[in-house]
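# Fold and geometry: a report
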Amino acid sequence: QVQLVESGGGLVQAGGSLRLSCATSGIAFSLYAMGWYRQAPGKQRELVATITPGASTNYVDSVKGRFTISRDNVKNVAYLQMNSLKPEDTAVYYCNAERRHYGLLWGQGTQVTVSS
């Protein structure tokens, strides 16, 4: 069964840190590009960071220098380390997995709330 399950969200004060995890099953994880997206209330879902099968990374400008995406191809897990969190980082964070010709898969999301 194909599953992407996010965890690690929660409530944190501004300046704090959280590490999100995206545990996958049922896919050839090492062949998928992994991404983290977020959606704040009333806003469109936006890309936060991506990591290719070869571990090349890309970040939206607003999180560069604060967030780090990584992957563990043995555990089949993608991570998003979030440091120096700001209230504007508050959103539901989703992971996705993409592989050409195999489509796009999404997790159910995890809430991140940053208080000022």
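Throughout what follows, the structure given in this document is the object of discussion. (Residues numbered from 1 in each chain as written. Predicted model: local features only at pLDDT ≥ 70, side-chain atom pairs only at ≥ 80, totals over all residues. Heavy atoms only, no water.)

### Quick look at the overall build of the chain
Helix and strand counts for the chain stand at zero helices and eleven strands. Ordering the α and β elements of the chain from the N terminus gives β-β-β-β-β-β-β-β-β-β-β. Taking 13 Å as the expected radius of gyration for a compact globule of 116 residues, we find that the chain reaches 13 Å, a close match to that expectation. Dimensions along the principal axes, computed over C-alpha positions, put the chain at roughly 40 × 25 × 25 Å. Taking all 116 residues of the chain together, the buried fraction comes to 39%. At a minimum sequence separation of 6, the contacts of the chain that also span at least 24 residues come to 53%. In the form shown here, the chain has an accessible surface area of approximately 6200 Å², with 48% of it arising from carbon and sulfur atoms. For the chain, the separation between the mean place of its 11 positive charges and that of its 7 negative charges on side chains is 4 Å. (Helix = DSSP H or I, 4+ residues; strand = E, 2+ residues; numbered from the N terminus. Rg over C-alpha atoms; globule rule 2.2 N^0.38 Å. Buried < 20%, exposed > 50% of the residue type's maximum accessible area, 1.4 Å probe, protein only. Contact = heavy atoms within 4.5 Å. Areas by Shrake-Rupley, 256 points an atom, 1.4 Å probe, with all protein chains shown as cover. Lys, Arg positive; Asp, Glu negative; His and termini not counted. Charge placed at Lys NZ, Arg CZ, Asp CG, Glu CD.)

### Regarding unusual backbone geometry
Notably, Ala 55 is not glycine yet its phi reads approximately 75°, a positive angle. Residue placement: Ala 55 occurs in the loop between strand 5 (46-51) and strand 6 (57-59). Despite not being glycine, Asn 76 shows a phi value in the positive range, around 60°. Inspection of the secondary structure assignment puts Asn 76 in the loop between strand 7 (67-72) and strand 8 (77-82).

### Considerations on the sheet that holds strand 7
One open sheet holds the four strands; their spatial order is 1-3-8-7, and the pairing between them is antiparallel. Taken across any chain shown, the strands that pair with only one partner, and hence form the sheet edges, are strand 1 (3-7) and strand 7. Direction aside, the axes of adjacent strands within the sheet are offset by 15° on average. Where strand 1 lies against strand 3 (residues 18-25), five bridges are found, and the strand directions are antiparallel. Paired with Val 5 across the bridge in strand 3 is Ala 23. (Pairing = 2+ DSSP bridges. Axes fitted to C-alpha atoms, helices over the stretch in contact; angles between N-to-C directions.)

By themselves, these figures tell us nothing about what the structure is for.
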